[in-house]
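Structural overview
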Amino acid sequence: MLIELQDLGKSFGEHEVLKHVTASVERGDRIGIIGANGTGKTTLLRVLCGESLPDAGDAAFAAGATCGYLEQTGHLDPEKDVYETMRLAFQPALDAMAELETLQKQLAADLHNTAITDKITACNAVIDAMDAYNMDTQIKKVLNGMGFPADTWKKKAGVLSGGEQTRLRLARLLLERPDILILDEPTNHLDLETMDWLETYLKAYRGAVLVVSHDRYFLDSVCTRIWELRGKTITTYRGNYSAYLPQREAADERLQKQHDADVEKAAKLQDYIDRNLVRASTTKMAQSRRRQLEKGRDAEVTRDAHGPLDGVKEPVALRRLRVEGQEAHPLPGDGEGLAEGVAVHGVGVHGGEKGHLCAAVDQLAVGLVGYNINIGTVLCLLFTQHIA
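The structure contained in this document is the topic of the report that follows. (Residues numbered from 1 in each chain as written. Predicted model: local features only at pLDDT ≥ 70, side-chain atom pairs only at ≥ 80, totals over all residues. Heavy atoms only, no water.)

1. Some thoughts on the overall build of the chain
Short version of the rule: Only DSSP runs of H or I covering at least 4 residues are called helices, and only runs of E covering at least 2 are called strands; the numbering of each starts at the N terminus. For every residue, the accessible area obtained with a 1.4 Å probe (protein chains only) is divided by the maximum for its type, and the residue is called buried under 20%, exposed over 50%, and partly exposed between those limits. We call two residues in contact when some of their heavy atoms are within 4.5 Å. Areas reported here follow the Shrake-Rupley algorithm with a probe of radius 1.4 Å; residue values treat only the protein chains shown as occluding.
A count of helices and strands for the chain gives 10 helices and 14 strands. Out of the 388 residues in the chain, the part that is buried amounts to 42%. Nonlocal contacts in the chain, meaning residues at least 24 apart in sequence, comprise 62% of its contacts between residues at least 6 apart. For the chain, the exposed surface amounts to about 20800 Å²; the carbon and sulfur share of it is 51%.

Here it is, written out as structure tokens:
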């Protein structure tokens, strides 16, 4: 087990954010973290990566486990170019290589020095663990996958756009290969091709992946479990986002039935109290029932008014499109309910331009949003909902 949370709580002053959180993370887990805005997702991530300590309960981490956290805001050395930035992921191995060279010279002068041979063994272990002799192959693979072609590798990080810097930070983090990989909205600055590459990479990742995302397709493709933050705590659901939805609906139905039963019981208790509190022979019993009623009110569960993904209304249909020239083609297997043969015209597809379109198709509001990066593809998300 990489992480174990036991009855964890976190507050900021008098504002309680998390309470009674119990959950665990195993190697190989792909966990999607969802919840309405303000429910404590970022606070939870900071606890999980060790940046913040809980005020109650316990957060236990496996001995020696490493953690990498991609937050929505972060910084790069503006003077280092793209390739140099990626090499930083191998800094422990680069240091070991430099030390190894010195040790080998020392060993040549003292062949029987066991202390030197032990240090050489330790250096080789670090290098082998990171497969550092193949670091250039690894760097090029990840850079290409994350949308950085060779002609961008000499660009200084300081001249990159905000989105490009975020992608570069993510690319470097992937090369670091921590045991626990924590990602906060990793798909915000990715085009479809890069997103597909990232999904494939994460599904084969040897450690655990925890991700906050609003992209249900990404959650469906990558995740094997869903953590829903609601009521200041976590409920765990098995499967991806699509598997979570009916489980949550069933849980809400059970909660509603229990709520209705509690309301009916409270009404009966109140009726008994009203009829018997003033009678001397039944006053004690009525007082006991009143205490029971008050206790039930204190423990009443209030249902979350927000939807599964940060209060956003569930779309009637949801599709991803690939833009080619002036037409947008639905990707196979995405969503249902959209009129067939929809061709989208007038969308900017040149580097640096943004295309926006809103049209009405069979009483559905169709929104096409996205931006271009220099690999020439467009990230397009199509949300449809009934027109009010």
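On we go.
2. Details of the packing of aromatic side chains
Applicable threshold: Classification of ring pairs uses Phe, Tyr and Trp, with its six-membered ring standing for Trp, and accepts pairs whose centres are within 6.5 Å; under 30 degrees between planes counts as stacked, over 60 as edge-to-face, and the remaining range as tilted. Consider the ring centre and the ring normal. A charge sits over the ring if Lys NZ or Arg CZ is within 6 Å of that centre and within 35 degrees of that normal.
Counted under the stated rule, the structure contains five aromatic pairs. Measuring from ring centre to ring centre gives 5.1 Å for W197 and Y201, while their planes differ by 25°; the resulting arrangement is stacked. Of the two residues, W197 and Y201 both sit in helix α7 (residues 192-203), four residues apart, roughly one turn of that helix. For the pair shown, W197 and Y201 are each scored as buried. Within the aromatic cluster, the residues linked to one another by ring pairs are W197, Y201 and Y205. If you follow R167 out to its NZ or CZ, it ends over the ring of F148, 4.5 Å from the centre.

3. Some details on the sheet that holds strand β4 (residues 56-61)
Counted only if it meets this: Should DSSP find at least two bridges between two strands, the strands are regarded as paired. Here an axis means a line fitted to C-alpha atoms, over the contact stretch when the element is a helix, while the angle between two N-to-C directions is reported on a 0 to 180 degree scale.
Read across the open sheet, the three strands follow the order β2-β1-β4; overall the sheet is antiparallel. At either end of the open sheet lies a strand with only one pairing partner, and these are β2 (15-25) and β4. Mean inter-strand twist for the sheet, computed between neighbouring axes without regard to direction, equals 25°. Here helix α1 (residues 41-48) sits on the sheet and contacts β1 (3-12), β2 and β4; the angle it forms with β1, its principal contact strand, is near 130°.

4. As for the nonpolar core
Note the cut-off: Throughout, nonpolar core names a set of buried Ala, Val, Leu, Ile, Met, Phe, Trp, Tyr and Cys residues whose side chains join them through atoms within 4.5 Å.
F90, L143, M146, L174 and L202 are the most contacted members of the largest nonpolar core, which totals 54 residues. Setting aside residues up to four positions removed in sequence, M146 forms contacts with R167, L170, A171, L174, L190, T194 and W197. Listed in part, the 26 residues of the second largest apolar core include L2, V25, L44 and I180.

5. A closer look at α1
Residues that lie three or four places apart on an α-helix share one face, since the helix turns once every 3.6 residues. Buried residues dominate α1, accounting for six of its eight residues. Those residues of α1 that sit buried are K41, T43, L44, L45, V47 and L48. One or two steps after α1, the chain reaches G50, where phi turns positive at roughly 85°.

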